[in-house]
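As a plain string of letters, each chain reads:
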Number of protein chains: 2
Amino acid sequence: MSKRAANAGDDAASPKRGKQASPAASTTTTSSPDDDGWELKPSNVANQTINYIRTIVDGIAIPAGTEAKPMLRLSIGDPSVFGNLDTHSTISDAVAAAVKAGKSNGYGPAHGLPKAREAVVKATPCHPEHPITPNDVIIASGASGALVIAISGLCGAGDNILIPQPCFSLYITIAEHYGIKAQLYELDSQKHWECDLADMEKKIDKRTRAILVNNPGNPTGSNYSREHLTAVLALAAKHHLPVISDEIYGPMVWDGDFHSIATISTDVPVICISGIAKQQLVPGWRLGWMTIHDRAGRFERHGVHAGLMRLSQVIVGATTPIQAALPDILSKPPTAFFEKTKTTLKENGQYLEAAIAKIPGLRATKPQGAMYMMVEVVPGAFKELTDGTSFADKLLNEEFVFVLPGACFKADQFFRIVTAPPRDILTQAIDRLTVFCKRHHK
Amino acid sequence: MSKRAANAGDDAASPKRGKQASPAASTTTTSSPDDDGWELKPSNVANQTINYIRTIVDGIAIPAGTEAKPMLRLSIGDPSVFGNLDTHSTISDAVAAAVKAGKSNGYGPAHGLPKAREAVVKATPCHPEHPITPNDVIIASGASGALVIAISGLCGAGDNILIPQPCFSLYITIAEHYGIKAQLYELDSQKHWECDLADMEKKIDKRTRAILVNNPGNPTGSNYSREHLTAVLALAAKHHLPVISDEIYGPMVWDGDFHSIATISTDVPVICISGIAKQQLVPGWRLGWMTIHDRAGRFERHGVHAGLMRLSQVIVGATTPIQAALPDILSKPPTAFFEKTKTTLKENGQYLEAAIAKIPGLRATKPQGAMYMMVEVVPGAFKELTDGTSFADKLLNEEFVFVLPGACFKADQFFRIVTAPPRDILTQAIDRLTVFCKRHHK
């Protein structure tokens, strides 16, 4: 089995890069000491740090495609790689100018330059009675960096955190890195992937320290209603649990409005995660943040706010020239720039949903936001292809269409399609998917 | 006591930024539950994450200075803030061009873009019989990010790591964040701050997993000889311990040559830490790396190499346009650029050493590299001023000269002077230091 390139990223390999074998995957390891007395081993932290997407993707042999059927990659959650969605010139100009000006080359405060945190405050929707200040913002190395601080700030080894299933599996990676148990609660594919509140409540125990919600959803493409988020908050309040809300796909929705859970909470402390990766189409720039909506001042009173600040001092955040440009990045691009992305994702999502509805054996779920769509492999519909993993594997090898098996997101019966690519790539993929399903359907 | 601005950075506040009170310092916390049943607390990880410099500096009331005596800050280890040492135009041009080109906005591999890792290989001194490949490089969010991966990859909770005393205290912060014990070994101020090998050996026990060495040294300004590094390696080999060598100040030396410990090791696995913060004068850009010099293939055989790679997948490294520009950053600036920095630091260091030798009650140690100098407060020399903390505090409040007390580096009898500022600032500082010492000398 040929190993795939050692590419990473948010959740799947870029098609552009990498020729080397994955060092992680290609290493043959042994736990017996060397003859000369050396006895090395990775630490427990290293052993319990598993990126599930990488582990699965690194195990997939990726064929080259053919001239007639070039490889179609609908796997990577990176809107910038397909060439149809570029960042706006006001964004790159602002950063290039900050770099050339040379006034922002020094260390910034660990939780971010004041002007960057002020810009985040301006751009963050809040509850009308509870505005935030720049001291409620921590700029981090990507939204992932902010998630590390939030999860490790609220939960410690032996605690647990409620995490949706399916989910962006980095949540689990971060939790397990710190010896925190990822307690998975179900999302309901029949109800636009809403949280199954009964299941969520069942999973809460004495060691539960926080509830993580992801809205708009990856890999689900869901967009939660105000009513649903209110119900989540009611459950959090009943059990006195703070909420971490990953809102990196922020207002990238078209079916209903986007509601930040921070705008709804009246009592539950909320940490919102966001950044410039997806909306501004620059995931590689690694600038994200958390906003701390400390309803009722509980985080401050009990030292949690101070603890989050201390955690931000370990690796000292994001690139300063990009921080210096953040006021421009968040204010200069015209509405049309964001609308173009949203329209592309909406129309692609609608196209895919309608097209997949006609393919035997598949059941698409409706994307309402973000840049993903989950497709269920109907149990029993295919010979041999019993789940998302076997389906995705065969599809890749027979039709050179690369979708991520749902196992990457703890949803075995599904596969995930990225809805960001240009339409002609999607129509080719649908054509091949149709042929493939007809061939394998019982 | 007025609180200082919430600035962080490598190790001390920038004079330029921040007006808010430190959130960490200004928060009054309580551990008793709220009346309504909420019982929040920071995690054990947050509680054991202490940035010692910030904790000390945040507790210092910083006066404003006067018109006659403006504040002189010799505290911050950031060469870019004084205005006399700017990065080179080839460096900022390369990054600005990468940003404008828009070809590097997507996710890179977790351990770095291939071309960035290739550039690091080219720039890294190796043992002639053991070259490294791009798979031995992990690009990270600053050298700090690389240190997090290296320390947590080799040591786990309950283990210990040997760390120099005095030291850049982030080593301790990172270790304690993971529940790793920082086992301090002494550096000898009488021998150019060489490692006290007898003390180092005494501190090794069954739970010791690695030896951390810092060369050139912060806060010591030391530059270790080939012989000394060979002796350190012999001790590491005897006890079968890998070495983490923080070489972020790389070739910034003038008293003797710089020797990377990786060029000397014939048997001991070495992880070297470096980056563009100090030599290229852009600490805020947050691009650092580790190079894995896996002598005898031990890391690979025992899964340590794979563990380090897995750890790199948690927050996904450094800003991609800066990675894309790294080949230019590391090859384009002319030798004169590096020489200017080195000459400034050398001449400033020599000036300070000679000037302090004439001040009663102080004992300077000779800077051989990096951008620091440690000054000992001679025990018993002053009325009241018994250690580095009381000395630095009084100096700040009477003379508006800000130096960091040695307690920031676990060296109570010393204070640290940054040698990077323009000479006129240093001469003013020496004048005030002289007056101050004469006034307080017994």
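The notes below deal with the structure included here.

Analysis parameters
Residues numbered from 1 in each chain as written. Chains lettered and ligands numbered in written order. Predicted model: local features only at pLDDT ≥ 70, side-chain atom pairs only at ≥ 80, totals over all residues. Heavy atoms only, no water. Helix = DSSP H or I, 4+ residues; strand = E, 2+ residues; numbered from the N terminus. Rg over C-alpha atoms; globule rule 2.2 N^0.38 Å. Buried < 20%, exposed > 50% of the residue type's maximum accessible area, 1.4 Å probe, protein only. Contact = heavy atoms within 4.5 Å. Areas by Shrake-Rupley, 256 points an atom, 1.4 Å probe, with all protein chains shown as cover. Pairing = 2+ DSSP bridges. Right-handed = clockwise from strand over helix to strand, strands pointing away. Salt bridge = Lys/Arg side-chain N within 4 Å of Asp/Glu carboxyl O. Least-squares fit on C-alpha atoms with pLDDT ≥ 70 in both.

### Some words on the overall build of chain A
Inference 1: When helices and strands are tallied, chain A shows 15 helices and 14 strands.
Inference 2: Rg of the C-alpha trace for chain A: 22 Å, near the compact-globule value of 22 Å for 442 residues, within the 12% margin.
Inference 3: Per-residue burial over chain A gives 65% buried out of 442 residues.
Inference 4: Residue pairs in contact within chain A that sit at least 24 positions apart in sequence constitute 75% of those at least 6 positions apart.
Inference 5: Here chain A has roughly 14,600 Å² of accessible surface; of this, 51% comes from carbon and sulfur atoms.

### Here's the deal with the pairing of strand 7 (residues 243-246) of chain B
A regular strand carries its side chains on alternate faces of the sheet.
Residue and element names in this part refer to chain B.
Inference 1: Here strand 7 shows no split at all, with Val-243 and Ser-245 on one side and Ile-244 and Asp-246 on the other all buried.
Inference 2: Here four bridges tie strand 6 (residues 208-214) to strand 7, and the two strands are oriented parallel to one another. Its bridge partner lying in strand 7, Ile-211 is registered against Val-243.
Inference 3: At this point the chain moves from strand 6, through helix 9 (residues 226-238), to the parallel strand 7, and the crossover so formed is right-handed.
Inference 4: Relative to strand 8 (residues 270-275), strand 7 is paired through four bridges, and the arrangement is parallel. In the sheet register, Asp-246 faces strand 8, and the bridge partner there is Ile-273.

### Here's the deal with the pattern of salt bridges
Inference 1: The tally for this structure, following the rule as stated, stands at 31 salt bridges over all chains.
Inference 2: Salt-bridge contacts for Asp267(A) lead to Arg298(A); the nearest nitrogen and oxygen are separated by 2.7 Å. Of this pair, Asp267(A) sits in the loop between strand 7 (243-246) and strand 8 (270-275) while Arg298(A) sits in helix 10 (residues 298-301), and the two are 31 residues apart along the sequence.
Inference 3: Judged by its relative accessible area of 25%, Asp267(A) is partly exposed.
Inference 4: Lys332(B) serves as the salt-bridge partner of Asp328(B), at 3.7 Å between the closest nitrogen and oxygen.
Inference 5: Asp328(B) sits in the partly exposed class, given a relative accessible area of 30%.
Inference 6: Assessed through its relative accessible area of 48%, Lys332(B) is described here as partly exposed.
Inference 7: Among the charged side chains, a network of salt bridges with common partners joins Lys69(A), Glu398(A), Glu399(A) and Arg439(A).

### Some thoughts on the relation of the copies chain B and chain A
Between the two copies of this chain, the relationship is a rotation about some axis together with a displacement along it.
Inference 1: Of the transformation placing chain B onto chain A, the axial shift is 0.0 Å and the rotation is 180°, giving an RMSD of 0.0 Å. The operation mapping one copy onto its partner corresponds to a two-fold rotation axis. Nearest to the rotation axis, the C-alpha of Ala96(B) is located 2.2 Å from it, this being the minimum over chain B.

### Brief notes about the sheet that holds strand 11 (residues 372-377) of chain A
Residues and elements named next belong to chain A.
Inference 1: Ordered by their spatial adjacency, four strands build an open sheet running 10-11-14-13, and the pairing between neighbours is antiparallel. Strands with a single pairing partner mark the edges of an open sheet, and in this sheet they are strand 10 (362-364) and strand 13 (404-405).
Inference 2: As defined by bridge partners, strand 11 adjoins strand 14 (residues 414-418) across five bridges and the pair is classed as antiparallel. Across the sheet, Glu-376 pairs through a bridge with Phe-414, a residue of strand 14.

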